[in-house]
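In case you want the letters, here they are:
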Amino acid sequence: MAVVTAPRVALNEGALAELRTLLGDRLSTSGPVREHHGKDESYHPVMPPDAVAFANSTEEVSAIVKVCARHRLPIIPFGTGTSLEGGVAALKGGVTIDVSNMKEILRVSPEDLDVTVQAGVTRKQLNEHLRDTGLFFPIDPGADASLGGMAATRASGTNAVRYGTMRENVLGLTVVLADGRIIRTGGRARKSAAGYDLTRLFVGSEGTLGIITEVTLRLYGIPEAISAAVCPFESVRGAVDTVIATIQSGIPVARVEFLDELQMEAINRYSKFDMAVKPTLFFEFHGTTRGVEEQAEMVGAIARENGGLDFEWATRPEDRSRLWQARHDAYYAALGLRPGAKGWPTDVCVPISRLADAILETKEDLAASFLVSPVVGHVGDGNFHLVFLVDPDKPEDMAEATRLNDRLVERALRMGGTCTGEHGVGYGKMGFLAQEAGEAYGVMGDVKTALDPLNIMNPGKVVRVG
């Protein structure tokens, strides 16, 4: 994917002086700080902003935006920098607004199963705070991402098959618009028929329509019993068919993750495991003690019918944590398969009935390629990921990764799927979004223009305007 080459907008002395008056030493123009804020976890090159503003409140974000709007400066929101499609890159320069100081948990209502937090609160921080309430927030993208960033990218992760994504779990937002106005969307009621659903408009907008500064979220009771298991399979088809049958049977599995044989080899090396180097499923079951046993028995029977080998159980909390940490470290484990390489992560999502075909056709492409590319997936909801291990300085590597990624996305769209299940669009998948959305892509541009007529909110991401 070519880098957007739009001209940068100069940070003039007047704007700089206004921002320094507002923020003091919480405005940084140092090279290392700017470089850090111009890059996410992906292969995309560093594209630093001209300055980084560290905000402490919604009102400060609003004041910063008003200054930038007066001077027509691009604005890029930043949480923890764990996104994967170049969403934090300052394509036209401007000011990054870092919300990592906004870490206050504003309200917890155990009786209503909801919480309101500032955008810089991370999911681990929230769950640590909730530990003594008997509640937890289940959306787990792997990285300890900020909850504002998770809302902005419509994140999900390993628990999505049971608990949904951020789309289903955000009840309301506080958002600063491109002109500095502060609005609040949604509310704490469990349902509403009042007006346009602005909450869903901003969830997944990746900072292109406004900056999320507060989030109200659903909470869930910590299950009475939790059990995890690993099951290797003789074939990819057998593993994926097990997932399809499990979902179609209505078994309320909490997590089901697929890892191909290459990813299992990487995990064994990186996390010091000794698991079978075969296509493998990681399962987790939540519920009552008896309910968890029944779920496991039913899934075990389905797995055996599809060539599954023995289940290896992890019932102790420390064993479960080690298992899922290994899954979350899959990206870093994959990098070890080609030392010195960079990772080009990508994902698609397809209807569950097409999952086996999508993965098998993708594996055929990978087998015929010179690139090393393990496959993992939140397959309970049809979402799977590849990591192309590339040397960005080798044109042949980048061309091959581009070719494979194009084929992956085209396959997913042909099967009724989407170009991204959870990574978002950023600027890395803008062309694919236009292909997927058709005429609706133009409507997205109309919405962007209506809310951000100066095109200063994370410009060059998600939709092309101007």
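Caption draft 1: Focus on the overall build of the chain. Secondary structure assignment for the chain yields 17 helices and 18 strands. For the chain, the C-alpha radius of gyration of 22 Å lies close to 23 Å, the compact-globule estimate for 466 residues. A burial count over the chain gives 57% of its 466 residues as buried. Sequence-distant contacts, at least 24 apart, represent 72% of the contacts inside the chain between residues at least 6 apart. In the chain, the 48 positive side-chain charges and the 60 negative ones have mean positions that sit 3 Å from each other.

Caption draft 2: Summary view of the packing of helix H15 (residues 395–414) against helix H16 (residues 430–437). Contact geometry for H15 and H16: axes closest at 11 Å, N-to-C directions at 20°. Considering their axes alone, H15 and H16 lie roughly parallel with respect to each other. Handedness of the crossing formed by H15 with H16: right-handed. In this structure, H15 uses Asn405, Asp406, Val409, Glu410 and Leu413 to contact H16, whose residues at the interface are Phe432, Gln435 and Glu436. For the contact of H15 with H16, the residue count by class is three nonpolar, two polar and three charged.

Caption draft 3: Summary view of unusual backbone geometry. A positive phi is found at Arg72, a non-glycine position, where the angle reads about 55°. Assignment of secondary structure puts Arg72 in the loop between helix H3 (58–70) and strand E3 (75–78). Look at Leu113: it is not a glycine, yet its phi comes out positive at around 55°.

Caption draft 4: Layout of the sheet that holds strand E8 (residues 170–176). Strand order in the open sheet formed by five strands is E5-E6-E10-E8-E9, with antiparallel pairing between adjacent strands. The outermost strands of the open sheet, each flanked by one partner alone, are strand E5 (105–109) and strand E9 (182–186). Ignoring which end each strand starts from, the neighbouring axes of this sheet average 10° apart. In the sheet, E8 pairs with strand E10 (residues 211–218) via six bridges, with the strands oriented antiparallel. Its bridge partner being in E10, Thr174 is matched across the sheet by Glu214. In the packing of helix H4 (residues 123–130) onto the sheet, the strands contacted are E5, strand E6 (114–118) and E10, and the crossing angle to E5 comes to about 45°.

Caption draft 5: Geometry of the packing of aromatic side chains. All chains considered together, the criterion is met by ten aromatic pairs. Taking 6.3 Å as the distance between ring centres and 40° as the angle between the ring planes, the aromatic pair formed by Phe285 and Trp313 counts as tilted. Taken together, the residues Phe285 in strand E14 (residues 280–287) and Trp313 in strand E15 (residues 312–314) connect sequence positions 28 residues apart. A relative accessible area of 41% means that Trp313 is categorised as partly exposed. Ring geometry for Phe311 versus Trp313: centroids 5.5 Å apart, planes at 35°, classification tilted. The positively charged end of Arg255 is found above the aromatic ring belonging to Trp324, 4.4 Å away from the centroid. Between the NZ or CZ atom of Arg322 and the centre of the ring of Phe273, over which it lies, the distance is 4.0 Å.

Caption draft 6: Highlighting the sheet that holds strand E2 (residues 51–54). Spatially, four strands are ordered E1-E2-E4-E3 in an open sheet, and the strand pairing comes out mixed. Strand pairing shows two members of the sheet lacking a second neighbour, strand E1 (27–28) and E3, which therefore form its edges. Where E3 lies against strand E4 (residues 95–98), four bridges are found, and the strand directions are parallel. The partner of Phe78 across the bridge, within E4, is Asp98. In this fold H3 packs onto E2, E3 and E4, with an angle of close to 175° to the strand it touches most, E4.

Caption draft 7: Summary view of the environment of Gly93. Secondary-structure assignment places Gly93 in the loop between E3 and E4. Accessibility expressed as a relative area gives 1% for Gly93, which makes it buried.

The rules we used
- Counting restarts for each chain: residues are numbered from 1 in the order of the written sequence.
- Predicted model: local features are reported for residues with pLDDT of at least 70 only, side-chain atom pairs are reported and counted for 80 or more only, and whole-chain, interface and lining totals are derived from all residues.
- The basis for the side-chain values is all heavy atoms of the structure; hydrogens and waters are excluded.
- What counts as a helix is a DSSP run of H or I of at least four residues, what counts as a strand is a run of E of at least two, and both are numbered from the N terminus.
- For this measure, only C-alpha atoms enter the radius of gyration; the expected value for a globule follows 2.2 Å times N^0.38, where N is the number of residues.
- The buried label applies to any residue whose accessible area, calculated with a 1.4 Å probe on protein chains only, is under 20% of its type's maximum; exposed applies above 50%, and partly exposed to all values in between.
- Only heavy atoms enter the contact rule, under which two residues are in contact if any of them lie within 4.5 Å.
- In this charge count, Lys and Arg are treated as positive and Asp and Glu as negative; neither His nor the chain ends contribute.
- Lysine's charge is taken at NZ, arginine's at CZ, aspartate's at CG and glutamate's at CD.
- Axis angles are defined between N-to-C directions and span 0 to 180 degrees, where every axis is a line fitted to C-alpha atoms and, for a helix, only to the segment in contact.
- The labels follow the angle: roughly parallel below 35 degrees, roughly antiparallel above 145, roughly perpendicular from 65 to 115, and oblique for the rest.
- By definition, turning the near helix anticlockwise from the far helix through less than a right angle yields a left-handed crossing, and turning it clockwise yields a right-handed one.
- For this classification, the nonpolar set comprises Ala, Val, Leu, Ile, Met, Phe, Trp, Tyr, Cys and Pro, the charged set comprises Asp, Glu, Lys and Arg, and every other residue, Gly included, is treated as polar.
- We call two strands paired when DSSP finds no fewer than two bridges between them.
- The criterion for an aromatic pair is that two Phe, Tyr or Trp rings (for Trp, the six-membered ring) have centres within 6.5 Å, with stacked assigned to planes under 30 degrees apart, edge-to-face to planes over 60 apart and tilted to the rest.
- Here, a charge over a ring means that NZ of Lys or CZ of Arg falls within 6 Å of the ring centre while also lying within 35 degrees of the ring normal.

Honestly, it's all geometry; don't read function into it.
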